[in-house]
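Listed below are the residues making up each chain.
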Amino acid sequence: MTTVEAPRATERRQPVKPKPMQEYIEVFGNLPDEKQGRHFRYCPGCGLGIAQSAIVRAWDRIGLDPEKVVTVGGSGCYAVMGSYLTASQAHMGHGRACAMATAIKMSDPELTVITLQGDGDGMAIGAQHFVHAARRNIDITVVIFNNFVYGETGGQHGPTTPRTTMTQTSPYGMVENEFDIVNMALGAGAGYAARTTVFHAQHMVRAIEGAIRHKGFSVVEILQNCHELWGKRNGMPKATDMLAWYRDNSVTSAQAAKLEPEDVLGKFVIGTWTAPDRPEMSEEWQKLVARVQAGEVEPSKGASSKPPALQ
Amino acid sequence: MTTAEQAQSVIRTGNQAAAEGARLARVGVVCFFPIGPSDEVGEHLVEMVNRGQLDARVIDLENERSVINAQITATQSGVRSTFSTNSEGLVFAYQPLIWSPYARVPIVVGVAHRSLEPPTNIQTDDHDTIIFRDSHWIQFYCENAQEVLDTMIQAYWIAERHDIQLPVFVTWPGWEVSHAAMPIEVPSQEQVDEFLPPYELLPGRDLLTLDMEEFYSNASRSGGEGASYIEQRYAIDHTLNVVAKQAITEAHERYVEVVGRGYGGLIESYRTEDAEVILVGLANMATRGRQAADAMREQGKRVGVIKVRTLRPFPSEAIAEAVGDARVVMAFDRNPVHTLFHELRSALYSHPGRPAVLGRVVALAGRNFSSRDAEELVDEAFAAIEDPAAVDELSWRMETVAD
Ligand SMILES: Cc1ncc(C[n+]2csc(CCOP(=O)(O)OP(=O)(O)O)c2C)c(N)n1
Ligand code: SF4
Ligand SMILES: [Mg+2]
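Residues numbered from 1 in each chain as written. Chains lettered and ligands numbered in written order. Predicted model: local features only at pLDDT ≥ 70, side-chain atom pairs only at ≥ 80, totals over all residues.

Asker: I tried to follow the overall build of chain A on my own but got confused; where do I start?
Answerer: Within chain A one finds 13 helices and eleven strands. Counting all 311 residues of chain A, 47% fall into the buried class. Taking all contacts inside chain A whose residues are at least 6 apart in sequence as the whole, residues at least 24 apart take part in 66%. (Helix = DSSP H or I, 4+ residues; strand = E, 2+ residues; numbered from the N terminus. Buried ≥ 20, exposed ≤ 12 C-beta atoms within 10 Å, placed from the backbone. Contact = placed C-beta atoms within 7 Å.)

Asker: Explanation requested: unusual backbone geometry in the structure shown.
Answerer: Most peptide bonds adopt trans geometry, and most residues besides glycine take a negative phi value. All names here are of chain B. Of note, the amide linkage connecting Gly36 to Pro37 takes the cis form, showing an omega dihedral of 0 degrees. Looking at where Pro37 falls in the secondary structure, it is placed in the loop between strand S2 (29–32) and helix H2 (39–50). For the bond running from Arg312 to Pro313, omega is -5 degrees, close enough to zero to count as cis. Mapped onto the elements of the fold, Pro313 is located in the loop between strand S12 (310–312) and helix H12 (316–323). Positioned with a positive phi, Ala365 is a non-glycine residue whose angle comes to about 45 degrees. Mapped onto the elements, Ala365 comes out in the loop between strand S14 (356–361) and helix H14 (371–386). By C-beta crowding, Ala365 is classed as partly exposed, having 16 other C-beta atoms within 10 Å.

Asker: Sorry, what's going on with the nonpolar core here?
Answerer: Proteins that are soluble and globular tend to have nonpolar side chains buried together. Core analysis: the largest hydrophobic core is formed by 113 residues, its most contacted members being Ile158 and Val280 of chain B. Broken down by element, this core gets its largest block of residues, ten residues, from helix H7 (residues 145–160) of chain B. Of the residues that make up this core, three or more belong to each of domain 1 (3–259) and domain 2 (267–396) of chain B. Among all residues touching Ile158 of chain B, those that are not within four sequence positions of it are Ile138, Ile164, Val168, Ala244, Ala247, Ile248 and Ala251 of chain B. Residues Val56, Val70, Cys226 and Leu229 of chain A belong to the second largest nonpolar core, which totals 77 residues. (Core = buried A, V, L, I, M, F, W, Y, C linked by C-beta atoms within 7 Å. Domains from an automatic or database assignment.)

Asker: For this particular structure, what's the right way to read the packing of H7 of chain B against helix H10 (residues 229–259) of chain B?
Answerer: How two helices sit against one another is set out by the angle between their axes and by the gap between those axes. Residue and element names in this part refer to chain B. Packing of H7 against H10 leaves a shortest axis separation of 10 Å and a crossing angle of 130 degrees. Between H7 and H10, the crossing angle belongs to the class labelled oblique. Of the two elements, H7 crosses H10, and the hand of that crossing is right-handed. Residue-level inspection shows Asp150, Gln154, Trp157 and Ile158 of H7 in contact with H10, the latter providing Ala244, Ala247, Ile248, Ala251, His252 and Tyr255. A breakdown of the residues in the contact of H7 with H10 according to their chemical character gives seven nonpolar, two polar and one charged. (Axes fitted to C-alpha atoms, helices over the stretch in contact; angles between N-to-C directions. Parallel < 35°, antiparallel > 145°, perpendicular 65-115°, else oblique. Left-handed = near helix turned anticlockwise from the far one by under 90°. Nonpolar A, V, L, I, M, F, W, Y, C, P; charged D, E, K, R; others polar.)

Asker: Help me understand helix H7 (residues 127–136) of chain A, please; the structure alone is not making it clear to me.
Answerer: For an α-helix, 3.6 residues make a turn, and residues three or four places apart therefore share a direction. Along H7 of chain A, the residues classified as buried are Ala127, His129, Phe130, Ala133, Ala134 and Arg136 of chain A. Asn137 of chain A, located one to two residues past H7 of chain A, shows a positive phi value of around 55 degrees.

Asker: What is the right way to read the site of ligand 1 from this model?
Answerer: Taken together, 24 residues are adjacent to ligand 1, and Gly76, Gly118, Gly120, Asp121 and Gly151 of chain A come closest. Neighbouring residues of ligand 1 are not confined to a single chain but are spread across chains A and B. For the shell around ligand 1, the secondary-structure elements that each account for two or more residues are helix H6 (119–125) and strand S6 (149–150) of chain A together with helix H4 (87–92) of chain B. In terms of residue count, the dominant contributor to the shell around ligand 1 is H6 of chain A (four residues). (Near = placed C-beta within 6 Å.)

In structure tokens, the structure reads:
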């Protein structure tokens, strides 16, 4: 089912624009007076800043109208990101983004709906919504900032903390296994899943762009440095330590395909994985409503109706 | 050396005190999911486990709902457990939290209060547990770190008594108590062991040895020992409002005997004997009340304070007795649904000489509420003695005067 795609050469040659920020990020000069002087709430060097600029670069490459974009967030360090962007923002309790995003897409399929979620938000308390949104193949893009911990609450371990690594609540090393977000997404029904890191900034832009362009449920896992809470406990106290670590320990999916499995162990495999198209939920509903209203289909008559042929 | 001599004087925050309380209660399971400002309680306990100071398993799951389910199961299989959370965490875990009183599972949950969302905030008020008022939980509101520690230990004794079997919230203000350090006395393990026996399941309630078919068909589905739904609910209501009141008072008296420290039981009264105006508050709203009462008494105004320790069961009788001949009773309600105001009104409706009951919503989401603010409210209470119509029965205090 899963196909492995190498980054295309033409794409690699095409540099991303240097400054799409003006249009998409509020803090760069186009803030209303009362918001002037506001600055990012992320720690200095936090990978969330790099990820944020990759997101707006991807928007710029597609030429999205910020009026037609809605970001949906939850709770965590990343949760302020939506408020820095010029697109509309919806916000609810911790972990609820995929449920909200589903509703937004269903009510206005013209919108580009993107969830911005932490690894804790998406994979722990919100995992249920994530897998069901994937199963429905609703046309939303889920961006997961994976910093391996619950950052905002102080760096406790979560379901994405790599086994044996140290956190506030696993001072002797994490005992549990972590989720593979890409496999989980594909297994649940996503048609597009990508993994990238904050070191691979250009790859990250393309991964997000591909996800937004994909018709159906798409996921981008961004491995993000939280040097403050995770790095410091794992011998990488500076942002640059973690960036170098991502640089030195990542292989592309194309490279990984050529390596022996044991050589891939412990590496971050970055790339994009796609699955054959499945019907997309908001479109299927629109089609069904049109057919019912046109009198083309009848509701089931209970026990006497024949089972539909499975397609 | 007597056991009392082994008690230690140390500096602790409210969250650390809660962890000490759970440790001394010899919890066997520490449950965890992070949310500020409560998560430190669990973190301290995990540290104690790691250092070998506490013999417990740590259960750390993916959200509060899973965690409370685990706590219920641990308790149903005979192991004392602890968990602390608040606001969004409590709301998220509503389903198992409501399950626990009606399945008679005596869990104890600590709460360093945090205001409910939206809007997003990490400030403090009581609303997050007030919303559980109508669910047969026993609810303690603590004023400072010392009271948190002592109440935590008493909570297990009360919850687990075979004639109670109800869950207990032990709560304290976020930040103001959770993160403020003060000198506290930590009782010795011997003292606590003398007060608190090991947890013993009600005979026939052990989840691990129970005939599961029997359990699900009787206890869980149709209501235990053949009783019907209404009889069960009646038993729970009676247990909370009659039996638990006695048990809380008894727990308090026994704790004073063994450890030598107490807070009056269901309520703690301050200078109420001859008071014309009585201020009523939970937790550190009573601190403000006492400061205001002292200041007003210097001006010759007779003001007293009642600290309500348990919102459920609501100590109506004890309050009525302490109110005596007072003319005005004023609630300092640190929640947007003015619960204390309404509770006091019904509690005092048939009180001889029925005093005027006023409600003041204060200090929501950590908004400053100084003793000067409290004094201004007391002035309003005295104005109500002169002319009840001139004063709002219920109002919100939003502005603040510096101390
Ligand atoms: C129901 C609920 N439980 C707990 C919390 C406390 N909380 C706030 S942020 C957070 C974790 C955030 O982790 P993640 O989603 O990975 O984002 P990060 O801070 O790492 O960017 C938690 C547990 C909450 N807001 N709501
Ligand atoms: S705590 Fe970590 S994830 Fe949060 S802003 Fe700081 S570096 Fe970033
Ligand atoms: Mg995270």
